[in-house]
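Residues per chain are reported as follows:
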Amino acid sequence: MVDRVSKAEQYFLDKIRQGDQQAWSDFVGRYRGRLLRFARAKLPQRADAEDVIQECFIAFVRSLDRFRGDCDLETYLFALTRRKIIDSYRHREARRVCLLQDTLDSSVEEAPSDPLEQMASPAETASWYARAEEQYDVQKAVLAEALGELIDGFKRALRFRDLQIIELLLYCQLPNKRVAATMNVSEQTVALVKHRSLKQVRDTVERKKVPVGPSSEQFENLLTDVWEYHRFSCPKRSTIGGFLLQTLDDEWQRYVDFHLNVLGCRFCRANLEDLQHETLEQQQQLHARIMESTVGFLSRPT
Ligand SMILES: [Zn+2]
């Protein structure tokens, strides 16, 4: 598996683990804004969202030793934030919360099965990154590699239509019919792209002789799980910046627009909104608050 933590991030982590306050402050500054945007999409009151972000950073600094580095830091922080949002919803006894996307949801009556709904259940809140079953880990690692290859192939060949179809099927778990309507293609086309893509992934997995569960439903659920964890199709923050400035090539500009506005990826919308708004004063206040509440958890330099 590819190491998901970049050298720069690793440098940060090492410093933070040594109790370096400046590194921690820089780290908070780097991620605070996008996490706040992410939280505010579900918690419209700024104060509630800020509570959640503060708790997220506390949870992060306290669990530093357990962070395994097999997903990038942004994804890990989003996962922690999501767990805190779900907690805060639970306190309000709200039952359902969809955090992946809602642009599509809001436009239809029959709600698609939400891959994240299960995360709102008390038993399994965002704990997938901490699951310890070895077999499951191996499956996920192999699937991640296979799925990563498939999606990179789409991107390299600029086959964005196929990428979008697979995204809607696996990342959003929409039924074929809705994917066809969203993409303005026939259901046959959707079925064909799905068949070819899953076959490619299965073939790769079988070459490695890893069992991935007997039913195709289980297989697809696992793929959704892995996709969400690695966010294969999410554009980088710098790409979202490029989208805002309209400096991307046409195909990419259209694809990022789709990802943000049709699929409505919550993580990427949080980045987009963070890049668009936020006053300096608000940033500084939240920053100070996070620092105050987390610095005590940093280990002291020896
Ligand atoms: Zn995304």
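This text follows the structure it describes.
Positions within a chain are numbered from 1, following the residues in the order the chain's sequence is written. Local features in this predicted model are restricted to residues whose pLDDT is 70 or higher, and side-chain atom pairs enter the listing and the counts only when it is 80 or higher, whereas totals over whole chains, interfaces and linings include all residues.

An axis is simply a line fitted to the C-alpha atoms; with a helix, the fit covers only the stretch in contact. Between two such axes, the angle follows the N-to-C directions and lies from 0 to 180 degrees. Only DSSP runs of H or I covering at least 4 residues are called helices, and only runs of E covering at least 2 are called strands; the numbering of each starts at the N terminus. Contact pair helix 2 (residues 21-40) / helix 3 (residues 46-62): the axes reach a minimum separation of 9 Å and the direction vectors enclose 135°. Regarding the angle of helix 2 to helix 3, the classification is oblique. Seen from above, helix 2 lies across helix 3 with right-handed handedness. Facing V28, R32, L35, L36, A39 and R40 of helix 2, the residues of helix 3 in contact are R46, A49, E50, V52, I53, C56 and F57. In this count, Pro and Cys sit with the nonpolar residues alongside Ala, Val, Leu, Ile, Met, Phe, Trp and Tyr, while Asp, Glu, Lys and Arg are called charged and the others, Gly among them, polar. Along the lines of polarity and charge, the residues of the contact of helix 2 with helix 3 split into 9 nonpolar, no polar and 4 charged. Throughout this description, any angle smaller than 35 degrees is read as roughly parallel, any larger than 145 degrees as roughly antiparallel, any in the 65 to 115 degree range as roughly perpendicular, and the remainder as oblique. Here a crossing is called left-handed whenever its near helix is offset anticlockwise from the far helix by less than a right angle, and right-handed whenever the offset is clockwise. By the criterion used throughout, residues are in contact when their C-beta atoms, derived from the backbone, lie within 7 Å.

Looking now at the packing of helix 1 (residues 7-17) against helix 2. Packing of helix 1 against helix 2 leaves a shortest axis separation of 8 Å and a crossing angle of 130°. Judged on the interaxial angle alone, helix 2 and helix 1 are oblique. Viewed along their axes, helix 1 and helix 2 form a crossing whose handedness is left-handed. Side by side, helix 1 and helix 2 meet where F12, K15 and I16 of the first sit next to A23, W24 and F27 of the second. Here the contact of helix 1 with helix 2 is composed, by residue class, of 5 nonpolar, no polar and 1 charged.

A few words now on the nonpolar core. If you look at the biggest cluster of nonpolar residues, it comprises 65 residues, and the most contacted ones within it are L35, A39, I53, C56, L77 and L147. Counting contributing residues per domain, this core is built from domain 1 (7-129 + 271-297) and domain 2 (134-228), each supplying no fewer than three. When neighbours within four sequence positions are excluded, L35 is seen to be in contact with I53, C56, L77 and T81. As used throughout, a nonpolar core is a set of buried Ala, Val, Leu, Ile, Met, Phe, Trp, Tyr and Cys residues joined through C-beta atoms within 7 Å of each other. Whether a residue is buried, exposed or partly exposed is read from the other C-beta atoms within 10 Å of its own C-beta, which are placed from the backbone; 20 or more gives buried, 12 or fewer gives exposed, and intermediate counts give partly exposed. What marks off one domain from the next here is an automatic or database domain assignment.

Locating E74 in the fold gives a position in helix 4 (residues 73-91). In sequence terms E74 and L35 are 39 residues apart; their C-alpha atoms lie 8.8 Å from each other.

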